[in-house]
Amino acid sequence: MLGRMMYQPLLISSLIEHAARYHGDTPIISKNTDGSMSSTDWAAVAENAKRFANALQALGLEQSDRVATIAWNNHRHLESWYAISGSGLVCHTINPRLFPEQLIFIINDAQDRVVIFDKTFLPLIVGVKQHLPQVEHFICLDAPDDAVREKLPEVQFYDDLIAAQSKTFDWPELDENMASSLCYTSGTTGNPKGVLYSHRSTLLHSYGISLPDSLNLSAKDVMLPVVPMFHVNAWGTPYAAAMVGSTLVLPGPGLDGASLVQLIDNYKVTVALGVPTIWQGLLAAAKQSGSTLESMNRNVVGGSACPPAMLKTFKEQYNCDTIHAWGMTETSPLGSANQLKAKHELLSPEEKTQLRLSQGRPPFGVDLRLASAEKGTDLLPRDGQTTGNLQIKGHWIIERYFGKEESALTSDGWFDTGDIASLNSDGFLHISDRSKDLIKSGGEWISSVELENLAMCHPEIAMAAVIAASHPKWDERPVVIAMKVPDSQLTENELLDYYADKVAKWQIPDKVIFVDSIPLSGTGKMLKKDLREQYGQVLMEAPV
Ligand code: ADP
């Protein structure tokens, strides 16, 4: 033998062991469902994870059984994650904002044997319970409470369960390719599909997102994942935080701007992560309270395109660098993050801002390419101009959906994301749209995202969605559904005029509909499918 290096499987249990041993006294701050705050640390999280792993074992679960969680970001939820995956079970995170039918569908599809839930979701559980024949145990993530027991007599309480168990547990030596967690796509088309992550993919993703040119995470950070733990595992942050030993501030149910400003200022948060609608709320609350968000040196925007005005406001008014990132449930999620290179120092501030608005470039571990829509796998140039179907491959990218026999990949092994994008020679990605949101006007494509971004640059627009409305002559034409800022007198024509010097004439939307609110998905994204159902025919009724 020439000699060789040690082999150690990449396991989630090793993350929590590392955090406990080397960052044991690093705080984990958590807002409870009742609004009170808890402060614990990595050592105590690890200890409770072991106690809960013992409790799960006592339930007689077998390797790879699914355990569902329906909970906000809080420390008990975090402990339960490490207990479940660390002991060889699969942690199935569920979005509590799903409709009951969707909830029933995915719990049955996943064949969850245990459902763990925050007390606030008791009515949800009681409402669907009779449709979940294979769920054997319900565990409330809280202290014992008779009011809960009254509605759900078989319930067990997390605090009881861990109190009864030993704090020692030997994490099993699992195969690193075993499943560790399960997350369903939102199912905007058809039923939701499960994406099953492995221990290996999760650890490699944690390294990937922590890199300096990704989110640049370290033991100096105080990290606030506003993105819920049920939205692609809070983008992997609870794992990466244990890997690098950062403090976590878990916001519980308080995702409104004012609550977030308070958490950021009280706990000196250095990095926070969320979808654009979250930042909109935060910026409005910061402005109102006069907070300068002093500790926060960067924020991560993903899930939907970052409106240009937002990036500018964070930098100019709060001295906070916005990292624009792209990904999806099928990609764990990080596919790209926006950090400039040394050569970009020479660019003018304007050019830098332009580049920072793109979705960034892939970290080592994933690869991106563009395929032609018409010719299937024909590859397109990386010239920063040509747009095509974005495809991805890598260590933390899906191969097949949960319970499906067939591969989810192209014949040559890439995953087609359903996004339309361009890439430049450095790999900077620019998403022009989701293929299903593109507007096909007289045979030409119009990007709904570009038109939304422009509308949101208007000082009197709070939020805007652009949809493809059916049109008798052009097939589809853009229509803006917009929410004005309070007290604005802005008119339809004024907003349409605003587009005049910013896009080609044929791309100017046909109509503006002002609304009081725009429906958001469970993960805080604008529900354009619903808007399309509601307003998709407005031009047929009165073509312009
Ligand atoms: P869903 O949006 O269906 O709930 P995902 O969270 O998996 O499910 O969403 C992934 C999709 O979100 C991507 O395919 C892309 O269309 C969109 N997306 C994510 N990040 C960005 C971004 N930074 N800019 C534009 N679109 C994004």
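Residues numbered from 1 in each chain as written. Predicted model: local features only at pLDDT ≥ 70, side-chain atom pairs only at ≥ 80, totals over all residues. Heavy atoms only, no water.

An unreviewed UniProt entry lists the chain under the name Long-chain-fatty-acid-CoA ligase, with Acinetobacter indicus CIP 110367 as the source organism. The chain has a UniProt comment under Sequence similarities (unreviewed entry) that states "Belongs to the ATP-dependent AMP-binding enzyme family." (UniProt positions renumbered as here; feature names shortened; annotations may be inferred.)

Visitor: Can you help me understand the packing of aromatic side chains in this one?
Guide: Think of a pair of aromatic rings as described by two things: how far the centres are apart, and how the planes are tilted against each other in angle. Tallying each qualifying case throughout the model produces nine aromatic pairs. Taking 5.5 Å as the distance between ring centres and 50° as the angle between the ring planes, the aromatic pair formed by Trp72 and Phe121 counts as tilted. One end of the pair, Trp72, is in the loop between strand E3 (66-70) and helix H3 (75-86); the other, Phe121, is in the loop between strand E5 (112-117) and helix H5 (122-128), with 49 residues separating them in the sequence. In this pair, the class of Trp72 matches that of Phe121, namely buried. Geometrically, the ring pair formed by Phe314 and Tyr318 is tilted, given 6.4 Å between the ring centres and 55° between the ring planes. A residue pair is termed a helical-turn pair when its members lie 3 or 4 positions apart in one helix, as Phe314 and Tyr318 do in helix H13 (residues 308-318) at four residues. On the basis of relative accessibility, which here comes to 9%, the residue Tyr318 falls in the buried class. Here a set of aromatic residues connected by ring pairs shows up, and it is made of Trp42, Trp81, Tyr82 and Tyr239. Looking at Lys193, its charged tip hangs above the ring of Tyr401, at a distance of 4.5 Å from the centre. Just above the ring of Phe514 sits the side chain of Lys484; from NZ or CZ to the centre is 4.2 Å. (Phe/Tyr/Trp six-rings, centres within 6.5 Å; stacked < 30°, edge-to-face > 60°. Helix = DSSP H or I, 4+ residues; strand = E, 2+ residues; numbered from the N terminus. Buried < 20%, exposed > 50% of the residue type's maximum accessible area, 1.4 Å probe, protein only. Lys NZ or Arg CZ within 6 Å of the ring centre and 35° of its normal.)

Visitor: Explanation requested: the side chain of Ser432 in the structure shown.
Guide: Relative to the assigned elements, Ser432 resides in strand E19 (residues 429-434). For Ser432, a relative accessible area of 11% corresponds to the buried category. Excluding its chain neighbours within four sequence positions, the residues that come into contact with Ser432 are Thr387, Ile420, Ala421, Ser447 and Val449. (Contact = heavy atoms within 4.5 Å.)

Visitor: How should the packing of helix H1 (residues 12-22) against helix H8 (residues 199-210) be read in this particular structure?
Guide: The angle between the axes and the distance between the axes are what describe a pair of packed helices. Between H1 and H8, whose axes approach to 8 Å, the crossing angle comes to 45°. In terms of orientation, H1 lies oblique with respect to H8. Contact residues: Ile12, Ser14 and Leu15 in H1; His199, Thr202 and Leu203 in H8. (Axes fitted to C-alpha atoms, helices over the stretch in contact; angles between N-to-C directions. Parallel < 35°, antiparallel > 145°, perpendicular 65-115°, else oblique.)

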